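Architecture and fold: a report
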Amino acid sequence: MAGLSTRHLLGIKDLNRADIELIFETADTFKSVLNRPIKKVPSLRDVTIANIFFENSTRTRLSFELAEKRLSADVVNFAASSSSVSKGETLIDTVNNILAMKVDMVVMRHPYAGAGIFLSKHVKAQIVNAGDGAHEHPTQALLDAFSIREKYGDVAGKKVVIVGDILHSRVALSNILCLKQLGAEVMVCGPTTLIPKYIGSLGVKVEHNLIKALNWCDVANMLRIQLERQDIKYFPSLREYTMLFGLNKTILDSLDKEITVMHPGPINRGVEITSDVADSKQSIILDQVENGVAVRMAVLYLLAGQTP
Amino acid sequence: MQNLTLLDGQKFQITIQRLCRQLIENHNDFSGSVLIGIQPRGIYLARRVAEELRKILPESKIMQGDLDITFYRDDFRRQGSPLVPNQTKIDFIIEGKKVIMMDDVLWTGRTIRAAMDAMQAFGRPAKVELLTLVDRRYSRHIPVSADYVGIEVDSIASQRVVVSWKDTDGEDKIVLVSETQE
């Protein structure tokens, strides 16, 4: 049986459909492992993984760390804020120093797009991208698609709308690539200023009216407005954004059909999504988090299993 | 390639039935015992044995599950690519039970070691026994032996033992496959 076609997970771009399906099948098994009394398997007991985070994260870092520990890997954590990076050390030096301590894999989040790709060309370890700037966040896209597959049985033919700050979102790009690869129809929805000009070339529809977009879709993935990445004002006020693109219970109940609501987190309650929607039975936000661990276990297992 | 049939037809069925009788000798009505087949090929043996036991003991509840050992193998990172896991389906409690593990062929014993580890995730059994249809003698890499054996075979490493099943493969048969040298 063939494994993944890639040695690193830098982006969905590098994965073919067979890779994604292999990851999902493996994640299915890990999900059942996670529901056992003992949630740990010994597969990666001789593998050491460094989680290197140059940017803040709660879910992704915890999820990766749990996935690594459930696979019995040895884990070291590194946060740029408390490291020598602030003293002027370069990325390659930092990582090579970590690798000199016999680390096999690196899970990295970095504020700059392409940081993972750059690193994969200059260091020996296998790299897993846990988010690079506004570029890609492959494991998030995989767990989102996995959650849709779990809910509907299949991703192919499903209509998914991604709402919000598409311009600054690595989740959006990875999601589009992953969903398209699996045969879903994808639409993006948001203010004109937050939709990249040539997004249509990825084969997605564009809609600026939230109600129309929601009536079209089976699944709505509501993204956070990434104020930390916005150097200029892209819309007049958050209040106006919420009025035009925020999802509330009234809108949800007024739709012709029952759609599924997703959110990659962290949620800004009351901005892109209200509390009653986030906590409603149509929301699978917490299932996404649960699936995140199983999907990351699958990715790490499949990558680590390649002969060193 | 040379194929030597070791067991088929009625003799195969008699062997299965003998194994069932031996199990009944030690496990009475199976109230405290469970059968576990090891994925991928041991599950057919466990299903067949469970089916026969249900015929012999219609009053008893025979519990049978499938155990996947992929994540517990000791050759991870020693092959080209990782093995794709199979499903584990154990919908009963193992804690305090007598477990009869089953695999079609016992060869190096490494699968059984992995299965013992994998089983721990489901609780602490009172006792573990091993039943195998084919015991390839003198080929163990670790000290493992079976409590119940269908047939014993003397073979060399380059040979393979292939078990096929009536339900899935069309006929009951055990074949010793030897690669002929050019």
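This is a predicted model, so every value here is computed, not measured. (Residues numbered from 1 in each chain as written. Chains lettered and ligands numbered in written order. Predicted model: local features only at pLDDT ≥ 70, side-chain atom pairs only at ≥ 80, totals over all residues. Heavy atoms only, no water.)

Turning to the UniProt feature "domain: Aspartate/ornithine carbamoyltransferase Asp/Orn-binding" (unreviewed entry) in chain A, a few remarks are in order. Mapped onto the present numbering, the UniProt feature "domain: Aspartate/ornithine carbamoyltransferase Asp/Orn-binding" (unreviewed entry) falls on residues 157–303 of chain A. Helix makes up 38% of residues 157–303 of chain A and strand 14%. Its end C-alpha atoms lie 29 Å apart. (UniProt positions renumbered as here; feature names shortened; annotations may be inferred. Helix = DSSP H or I, 4+ residues; strand = E, 2+ residues; numbered from the N terminus.)

All names here are of chain A. We note that the domain assignment places domain 1 (12–136 + 289–304) and domain 2 (138–286) within chain A. Spacing between the C-alpha centres of domain 1 and domain 2 amounts to 25 Å. Roughly 2500 Å² of surface becomes buried between domain 1 and domain 2 when both sides are summed, with 61% attributable to carbon and sulfur atoms. Broken down residue by residue, the surface that domain 1 buries against domain 2 is led by Ile12, Arg17 and Phe24, which jointly contribute 25%. Taken together, domain 1 and domain 2 are joined by 3 salt bridges. Across the pair lysine 31 and glutamate 150 runs a salt bridge, and its minimum N-O distance is 2.5 Å. For the pair domain 1 and domain 2, the interface holds 13 residue pairs in polar contact (both at pLDDT 80 or more). Among the secondary structure elements, those contributing two or more residues to the side of domain 1 that touches domain 2 are α1 (17–34), α2 (59–70), β3 (105–110), β4 (126–132) and α11 (285–304). The dominant element in the side of domain 1 that touches domain 2, judged by the number of residues it contributes, is α1, at 9 residues. (Domains from an automatic or database assignment. Buried area = accessible area lost by both parts, 1.4 Å probe. Salt bridge = Lys/Arg side-chain N within 4 Å of Asp/Glu carboxyl O. Polar contact = N/O pair within 3.5 Å; in protein donor to acceptor, adjacent residues only side chain to side chain.)

Moving on: the pattern of salt bridges. Per the stated rule, a full pass over the model turns up 27 salt bridges over all chains. With a closest N to O distance of 3.6 Å, A:Asp218 and A:Lys257 form a salt bridge. Taken together, the residues span a long stretch of sequence, with A:Asp218 in the loop between α7 (210–216) and β8 (219–222) and A:Lys257 in the loop between α9 (249–254) and β9 (260–262) at a distance of 39 residues. Judged by relative accessible area, which is 34%, A:Lys257 ranks as partly exposed. Here B:Asp135 makes a salt bridge to B:Arg140, at a shortest N to O gap of 2.8 Å. Taking relative accessible area as the criterion, B:Asp135 reaches 7% and is therefore assigned buried. Counted as one network, the salt bridges with shared partners bring together B:Arg48, B:Glu52, B:Lys55 and B:Asp172. (Buried < 20%, exposed > 50% of the residue type's maximum accessible area, 1.4 Å probe, protein only.)

All right, on to the UniProt feature "binding site: carbamoyl phosphate" (unreviewed entry) in chain A then. Residues and elements named next belong to chain A. Within this structure's numbering, the places UniProt gives as "binding site: carbamoyl phosphate" (unreviewed entry) are Arg59, Thr60, Arg109, His137, Gln140, Gly265 and Pro266. Mapped onto the fold, arginine 59 is located in helix α2. Under the relative-accessibility criterion, arginine 59 is labelled partly exposed at 32%. Beyond its immediate sequence surroundings of up to four residues, arginine 59 is in contact with Pro264, Gly265, Pro266 and Val289. (Contact = heavy atoms within 4.5 Å.)

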